[in-house]
Amino acid sequence: MVMLDQEVLARAALLTQIAVAREMPRLEPVGCSIDDRGFRCDFKLKSGGWPSEDDALKVERAVLRIEEGNLKIVYEGLSDDELLQLLEHNAVYMVNGFRAYLEPSAKPSDKKVGAVKILNISAHNPTPEIRLVRFSGVAFSTQKELEEYLNWLEEAERRDHRVLGQKLDLFSFHEEVGPGLVIYHPKGQVIREELMKLIREVNERLGYSEVYTPHVFRSTLWKISGHYTLYRDKMVLANIEGEEYGIKPMNCPGHILIYKSKTRSYRDLPIKFSEFGTVYRWEKRGELYGLLRVRGFTQDDGHAFLREDQVKNEIKAILREILYVLSIFGFREEDVKIYLSTRPDEYIGTEEMWAKATDALKTAIEELGMPYQVREGEGAFYGPKIDVHFRDSLGRWWQCSTIQVDFALPERFGLEYVENDGSRKRPVMIHRAILGSVERFMAIIIEEFEGKLPTWISPVQVVVIPVRHDSVDYAYHVFEVLKNHGFRVNLDLSEETTSKKIRRAYGEGVPYIVLIGPKEANEETVTVRGRGNKQVKSVPLSEFIKALEKEVRRRSPSQVALDLIKKTEA
RNA sequence: GCCGCCGUAGCUCAGCGGGUAGAGCGCCGGCCUUGUAAGCCGGUGGUCGCGGGUUCAAAUCCCGCCGGCGGCUCCA
C-alpha cells in the first residue's frame, strides 16, 4: 500500500472540482470525500454527455495550470444543502471564485499539488433517484511520487487473484455456468482442501462436531427462520410439483434442526456443530467480483448453542483461534481490521442480554490485546458481532471472519434446554466463521502472497527436473520417494532445456525445484532451488525431506527448508 | 439493479475513417549427448461474445441480449 498525503489529496480535490467546473460547465461540484485510497469528487450532470477519458486528461492539466497561478482557498463554513448532507461532505470552500466541497474533517494542504491523476470516472448513486458523476483520483507533491504510485498500481494488478487464478490454473468462471459461480480446477481444489484441513483442526480444538446438511430445504423452514421474508430477494426458490423449495443462503437452520432433534439438558451445553456449507446468495449483478464476491460460496460455518454464562468463554476461544489463523498467514496488522458492532435501533431480546453479549465480545478482544474499532448500532438485529476485515491488493476491505451472538433464532425455533431445576430455558446461539468463506479467503491469500503460496498450501510443492537424459532414472526415484512422503510433487520429463523447465516451474509458483544430474545420482543427493534463486547443492535426499517436512508441518508462511539445511548459497 | 467502459486463437494483445483476420506465448511435429529463469525449424489453431439491423460488402457502423471491468448500493 502506498501512503497518500491526505492534505495534498484535499487540496487536489478542491482543485479538481474547480478544474472540472471550468472545463466542463455542465458538471456542478456537489461533494467530495478523501481516504487512504485517494479522493472522490461528485458532480451533478446538468446536461450533455458523460465525460470521457480525454476530459479526465484535460482536468489533470487544468489542475496543474490552476496551481501555477494565484490561488486563493477560503473556507466558507458548513453547507446545509440537503444533497450535501446526504453525501456527508458539507464543508464549503471558495477557490478562485468557484465553490468546492470537502468533507469537514479534511484539511487542504498549503503544499502545492505537483501531480494529479484521475483514475476513473464512474457513477455515484447515494440513493436510487440521485445520480452523480464521480471523479476518483490521486495526487502528489511531485511527479516522481505519482510515478511510484502508478508502479504500485501495476504491481497490484499482478497480484490480482483473478489474473493469478487463471495463470496458476486454479479456477475459472464461465458464461454458460452463470456469473458468480466458480469452477475449481485441481490446483484450486488443493488450496481449498488445505484450508479446510486447517479449519478442521481448529474445529477439533474448539469442540465443534462436523455435520452435513442438504443444499435445498422446503420453504416451510425458511418461513420459520425468517429468511423467507427477510432474505427472500437473495434466495433461489424453485417450485417442484406444487411445492416450494429454497436453496440455502445460510447453514444455521439446518444446525438448529439437529439441536432440536432431541431434548437437551443444561449438562449437554455447549453443543457445537460445524459444516463446510456451500450456500447460494443471489447477489446483484454489479456486486460480483472475482472470488471475493460470488453467488455460491463455502462457509467454514459453525453454530454453538450455549447457556448465557458460557457465551464469553466461547467468544474468547473462537477469537483466539482466529488470531492463530491470521498468524499462520503472517497478516500484518495494517492489513487487518477488527470491528465490534453494537446494538442497532431496532433489535430483539432484552437490554440485559445485549449488554452481556456485547460485554463478552468486548472483553474477549481486549483480553487478547487486539486493537479494534467499535461500530455503534451496526450489529445485526438479533445480536452484536465481531467482524474481521482483510485488505485486497488494491486496498479494498473485505469481511472474512465473523462471530455473531444471536437471540433471535433460538426464539423463532423455540429452542430450549432443561435447567437443573427442571425448568425450560432458551439457549443463546453463536454463529461463527473463521475464514468466512473459503473462496474469499483464498482470494485474499493469493493476493497477499502474490500467488507464491506457502509450501504447505501450494498445489505443487516440488518439481523434480533431470538436467540430462542420463539422470532420468534417479530423478524418477527422487520423485517417487517425495511422493511417498506425502508431498505434492511433479516430475518434469519434457524434452526441454533445463533453463526452460526451471522458468516454467517458477512461473507456476512452485516453491521448490529439485535438480537432478549425474553428480546427484552418484551421491544420492539433490540440488534444491527455492524461490528467489536461493539454491543448495548436493543435499542428501533424506535431509531435504526432513527440512521440507518441518516447513510443511509448521505451516510456515515463508520458505525455511533451505535455511534448515544451513548450507544456503547465494 | 444503477452509471460508465469493454468482449478478436487456450492466454496476452494488434487490426476497427467498412472489402470475408494477424503476432507472441501455448499446443503438435522434427532437430539438438538438454547442468541452472524463453535452444532452433516447421505446423496447428478464430461462425472476431450472441442475435438482429444498415450496406453490394460488417470484427469494424446502429440496436438488443449475454458476459467482464471500474464505481454506487449491498455483503462472507
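Calculation notes
Residues numbered from 1 in each chain as written. Chains lettered and ligands numbered in written order. Predicted model: local features only at pLDDT ≥ 70, side-chain atom pairs only at ≥ 80, totals over all residues. Heavy atoms only, no water. Helix = DSSP H or I, 4+ residues; strand = E, 2+ residues; numbered from the N terminus. Contact = heavy atoms within 4.5 Å. Polar contact = N/O pair within 3.5 Å; in protein donor to acceptor, adjacent residues only side chain to side chain. Buried < 20%, exposed > 50% of the residue type's maximum accessible area, 1.4 Å probe, protein only. 1 Å grid on protein atoms, 1.4 Å probe; cavity = no way out; pocket = protein on both sides within 12 Å on 5 of 7 lines; lining within 4 Å. Points joined across faces, edges and corners; volume = space filled by probe spheres on them. Nonpolar A, V, L, I, M, F, W, Y, C, P; charged D, E, K, R; others polar. Near = heavy atom within 4 Å.

A.B. asks: Please clarify how the environment of lysine 234 should be interpreted in this entry.
C.D. replies: Within the element layout of this structure, lysine 234 appears in the loop between helix H8 (227-230) and strand S12 (237-240). For lysine 234 and arginine 295, which are 61 residues apart along the polypeptide, the C-alpha to C-alpha distance reads 9.4 Å. Once residues lying within four places of it in the same chain are set aside, the contact partners of lysine 234 are Tyr280, Arg281, Trp282, Glu283 and Arg293. Separated by 3.1 Å, the side chains of lysine 234 and glutamate 283 make a polar contact.

A.B. asks: Looking at this model, I keep getting lost on the environment of lysine 425. Mind explaining?
C.D. replies: Along the polypeptide, lysine 425 turns up in strand S21 (residues 424-425). Lysine 425 sits in the partly exposed class, given a relative accessible area of 42%. The sequence separation of lysine 425 and proline 126 amounts to 299 residues, and the corresponding C-alpha distance is 45 Å.

A.B. asks: What is the right way to look at empty space enclosed by the protein in this model?
C.D. replies: Where empty space is left becomes clear once a probe the size of a water molecule has been rolled over the atoms. One pass over the full model with this rule turns up 1 cavity of 30 Å³ or more. Taken as a whole, the largest cavity holds about 110 Å³ of empty space. Considering the residues around the largest cavity, the lining is formed by Leu168, Leu170, Lys187, Gly451, Leu453, Ser458, Pro459, Val460, Glu508, Gly509, Val510 and Arg531. Residues belonging to the lining of the largest cavity are distributed by class as follows: 6 nonpolar, 3 polar and 3 charged.

A.B. asks: I'm lost on the protein's contact with RNA strand B in this one. Help?
C.D. replies: Around RNA strand B, a shell composed of 54 residues is seen, among which Arg293, Gln399, Val467, Glu495 and Glu496 lie nearest. In the environment of RNA strand B, a sugar or linking oxygen lies 2.7 Å from a nitrogen or oxygen atom belonging to the side chain of glutamine 166. Take glycine 286: an N or O atom from its main chain is 3.3 Å from a base nitrogen of RNA strand B. Counted by class, the surface near RNA strand B contains 13 nonpolar, 18 polar and 23 charged residues.

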